[in-house]
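# Results of the structural survey
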Amino acid sequence: MVTSSHNAETPTTMDRRMFLFQTGTIITATMLAQCGIAADTKSNDSMRRPHPDQFPTPALKAIALGINAPNPHNTQAWKFRIVSDTELLMYVDETRILPATDPPARQIHIGCGCFLSVMTAGISQHGYAAACTLLPEGEYSLAQTGKVPVAHIRLIPLSGSVDPLARQIYNRRTNRLAYTDAELPTSTFNAMVQLANPQHCSIKLIAGDPLAEHLNILYNGMEVESGTYATHEESRVWFRENDEKIAQHRDGINLPAGGTTGLRKFVAERLLKGLHADDWHKPATVNQHLTSYVKKVKSARAVVQFITPANTQADWIKAGMDYARFQLAATASDYYLHPMSQVLQEYPEMNTLRVQYEKLSGITEDQKIQMAVRIGKAKEPFYSYRRDVNTLLLP
Ligand SMILES: Cc1cc2nc3c(=O)[nH]c(=O)nc-3n(C[C@H](O)[C@H](O)[C@H](O)COP(=O)(O)O)c2cc1C
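The rules behind these values
Residues numbered from 1 in each chain as written. Predicted model: local features only at pLDDT ≥ 70, side-chain atom pairs only at ≥ 80, totals over all residues. Heavy atoms only, no water. Pairing = 2+ DSSP bridges. Helix = DSSP H or I, 4+ residues; strand = E, 2+ residues; numbered from the N terminus. Axes fitted to C-alpha atoms, helices over the stretch in contact; angles between N-to-C directions. Contact = heavy atoms within 4.5 Å. Buried < 20%, exposed > 50% of the residue type's maximum accessible area, 1.4 Å probe, protein only. Arc of directions from axis to C-beta.

### Focus on the sheet that holds strand E10 (residues 302-308)
As summarised here, the arrangement of the four strands in space is E7-E10-E12-E11, forming an open sheet in which the pairing is antiparallel. Every other strand in the sheet has two partners, leaving strand E7 (202-207) and strand E11 (336-339) as the edge strands with one partner each. In this sheet, adjacent strand axes meet at a mean angle of 30° when their direction is disregarded. When E7 meets E10, the two strands line up antiparallel, connected through six bridges. Its bridge partner lying in E10, Leu205 is registered against Val304. Taken strand by strand, helix H13 (residues 351-361) contacts E7, E10 and strand E12 (368-376), and its axis lies near 75° from that of E12.

This is the structure:
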């Protein structure tokens, strides 16, 4: 389990503070306690994810394992056709893609690649190796998304050893909190890369002098996304406004996952109640989000990029495979990751900044930075939900 060593703003200091509602009402932690509101809500983690032991066949167990993978906005844009107890096809769920922030569905396919790696590592603990054929019917257009498979998966008896990364599947989390000032030694980074054993991406560490400029542009990407109506609106659609909605939908993004917990969460939930577009897009709300985001971004001591030699659909899936393995390897060393994908995205408002970032990163015209993530140590973050396996199966 990843350990926590530092918290930029501890709940205790936060609890002592008073919060000013926009209405001008002053509310204290004591008053909240009297209303029966806990500073933090933590429900049973095991209720949040399907467990492989609940399922009778290797194919269903494989799905239960793979869905623990990181994936954009936790939309879990995947669905499966069971061919036999040991054979299945994976498709993108085209109703869960992100057309505004991810027009080519590149990141959605990265998420599918993440699924494949996590599933492959996990199923090795159950005595199977996963033979994955990517894009078995070839690459497909955006219009064919969901109709043509991303991967064909065949589970065969394991002849080698269990993947050591499997142990990290339920420890792995995206961490959007402020990171401590612990550096990432190059030797530790190299060991993570070795353990991840990337098959396709070059994984590049950015630390020291060049870091500040990278963090600036990565943050600027969030400014552009939040200031562009369609892309910021997409976040509203996938936002789950309180614990009840989070547990009901079992997907999407939310306040605690973004690092807003305790009293801040209590206040923010009331300000965003009903998730009305007017409240969401109001400059004051956007500014509050950016002010909190920039502090977390700037706390990073290192960024890691995942770069592919080209930018085809297969590159996207393979980048996800490498990313998920690297994240499992980082988890094994008690390091967290936080993707900051905004500047890499392919909608017109982001074009100038994206080109600027690619130039800063020195990549060639053919290459693509598929992921840029900050890496570091932090306190333990929110544990995200996953949907039930049965809802992911095609008839
Ligand atoms: C391709 C890809 C892009 C992502 N981009 C972002 C991002 O820009 N910001 C962010 O906070 N999380 C990002 N994430 C992380 C997901 O939001 C996260 O995996 C998901 O919410 C599930 O949470 P978990 O990783 O803790 O299980 C990304 C993940 C993937 C696979």
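### Concerning H13
Every buried residue of H13 is listed here: Leu353, Arg354, Tyr357 and Ser361. Each buried residue of H13 lies within a common arc of 100° when the element is viewed along its axis, so the set occupies one face. Counted as exposed and oriented over 90 degrees from the buried face of H13: Thr352 and Lys359. Contacts made by the buried residues of H13 are with E7, helix H6 (211-227), E10 and E12. Gly362 sits one or two positions beyond H13 and adopts a positive phi of about 70°.

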